[in-house]
Amino acid sequence: MFVNKKMKDDLDMNNIPAHIAFIMDGNGRWAKKRKMPRTYGHHEGTKTIRTLALEANRLGVKAMTVYAFSTENFKREASEVEYIFKLPKEFFDLYLKELIENNVQIRYIGHLELAPKETRDIINAAIERTSMNTGLILTFAFIYGGRDEIVQTTKCICEKYKNGEIDLDDITEDYFEKNLMTGDLPPVDLMVRSSGEYRLSNFLPWQLAYAEFVFDDTLWPDFDEEELHRCIRIYQGRQRRFGGVLK
């Protein structure tokens, strides 16, 4: 993959975010502008996942999480939901070999059990085939809701307390975080939402507490390596205080 040298030189390689989370927005509007069905936008959007995953991996990003399907997306037209459930097969048929060659590990967070069996099998097979890879961890938030994650985590911890596995004093912020679906991933440093929308849409509310936010006007299918670099440059220009005061 060719990357413009100037694009490489303008990043501080000692300040690359460890974990970037993406709200992939704008597929439908991208397709509408081209007088195509929304499903065509989703199809093109999968190419962007592949492009950004490979570039993030090359830059040394440790984890990349993409909001693929929310628990609320079931409210969409049945035909669109059905198509989205077919996208994992399309994506992994096209790109899994390349992701494996680039040492990318595949994971998911959410309620995969609510997806059709074929979708579950395809995603689980990709997870299994990449489980030993040590490069970028590409996580798909699939049938995921942030509030639901917090509720489920709370229930899990309460069950452990009820069974005498932990004491009340064991339940700290760190302990809670380790029991989230993202518990063994680095904290999210940078959250990017494409298409000019300015909301989180129930995406990783706990994990984004101290992330830097970038809201980008680019529609997701048009998001490329240069846009990724631009967002990272914005991140690198921020002063991260985590509640403290810079000296």
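Residues numbered from 1 in each chain as written. Predicted model: local features only at pLDDT ≥ 70, side-chain atom pairs only at ≥ 80, totals over all residues. Heavy atoms only, no water.

Focus on the confidence of the model for the protein chain
Link 1 in the chain: Per-residue confidence for the protein chain averages 94 on the pLDDT scale, and 94% of its residues sit at or above 70.
Link 2 in the chain: Here residues 1-6 scores under 50 on pLDDT; set against residues more than four positions off or in separate chains, the count is five contacts. (pLDDT = per-residue confidence, 0-100. Contact = heavy atoms within 4.5 Å.)

Here's the deal with the environment of Asp 174
Link 1 in the chain: Within the secondary structure, Asp 174 sits in helix H7 (residues 173-178).
Link 2 in the chain: Through-space distance from the C-alpha of Asp 174 to that of Thr 134 is 24 Å; in sequence the pair is 40 residues apart. (Helix = DSSP H or I, 4+ residues; strand = E, 2+ residues; numbered from the N terminus.)

Focus on the side chain of Thr 48
Link 1 in the chain: With respect to the helices and strands, the residue Thr 48 is situated in helix H3 (residues 38-59).
Link 2 in the chain: Polar contacts involving the side chain of Thr 48 include one to the main-chain carbonyl oxygen of Trp 220, which spans 3.0 Å.
Link 3 in the chain: Dropping the residues within four chain positions of it, Thr 48 is found in contact with Trp 220, Pro 221 and Phe 223. (Polar contact = N/O pair within 3.5 Å; in protein donor to acceptor, adjacent residues only side chain to side chain.)

Quick look at the layout of surface pockets
Link 1 in the chain: Estimates place the volume of the largest pocket at around 780 Å³.
Link 2 in the chain: Lining the largest pocket are 35 residues, and of these Met 24, Tyr 67, Ala 68, Asn 73 and Arg 76 lie nearest its centre.
Link 3 in the chain: Sorting the residues of the lining of the largest pocket by element identifies helix H2 (27-33), H3, strand E2 (63-70), helix H4 (78-101), strand E3 (105-110) and strand E4 (137-144) as the ones contributing at least two each.
Link 4 in the chain: Taken together, the residues that form the lining of the largest pocket break down as 16 nonpolar, 10 polar and nine charged.
Link 5 in the chain: Taken as a whole, the second largest pocket encloses approximately 370 Å³ of empty space.
Link 6 in the chain: Grouping the constituent residues of the lining of the second largest pocket by class yields nine nonpolar, three polar and six charged. (1 Å grid on protein atoms, 1.4 Å probe; cavity = no way out; pocket = protein on both sides within 12 Å on 5 of 7 lines; lining within 4 Å. Points joined across faces, edges and corners; volume = space filled by probe spheres on them. Nonpolar A, V, L, I, M, F, W, Y, C, P; charged D, E, K, R; others polar.)

What to know about the packing of H3 against helix H8 (residues 225-236)
Any two packed helices are characterised by the angle at which their axes cross and by the distance between the axes.
Link 1 in the chain: At a minimum axis distance of 9 Å, the contact between H3 and H8 shows a crossing angle of 50°. With respect to their mutual orientation, H3 and H8 come out oblique. Classified by chirality, the crossing of H8 by H3 is right-handed. In contact with Thr 51, Leu 52, Glu 55, Ala 56, Arg 58 and Leu 59 of H3, H8 contributes Glu 225, Leu 228, His 229 and Ile 232.
Link 2 in the chain: Considering only residue class, the contact of H3 with H8 consists of five nonpolar, two polar and three charged. (Axes fitted to C-alpha atoms, helices over the stretch in contact; angles between N-to-C directions. Parallel < 35°, antiparallel > 145°, perpendicular 65-115°, else oblique. Left-handed = near helix turned anticlockwise from the far one by under 90°.)

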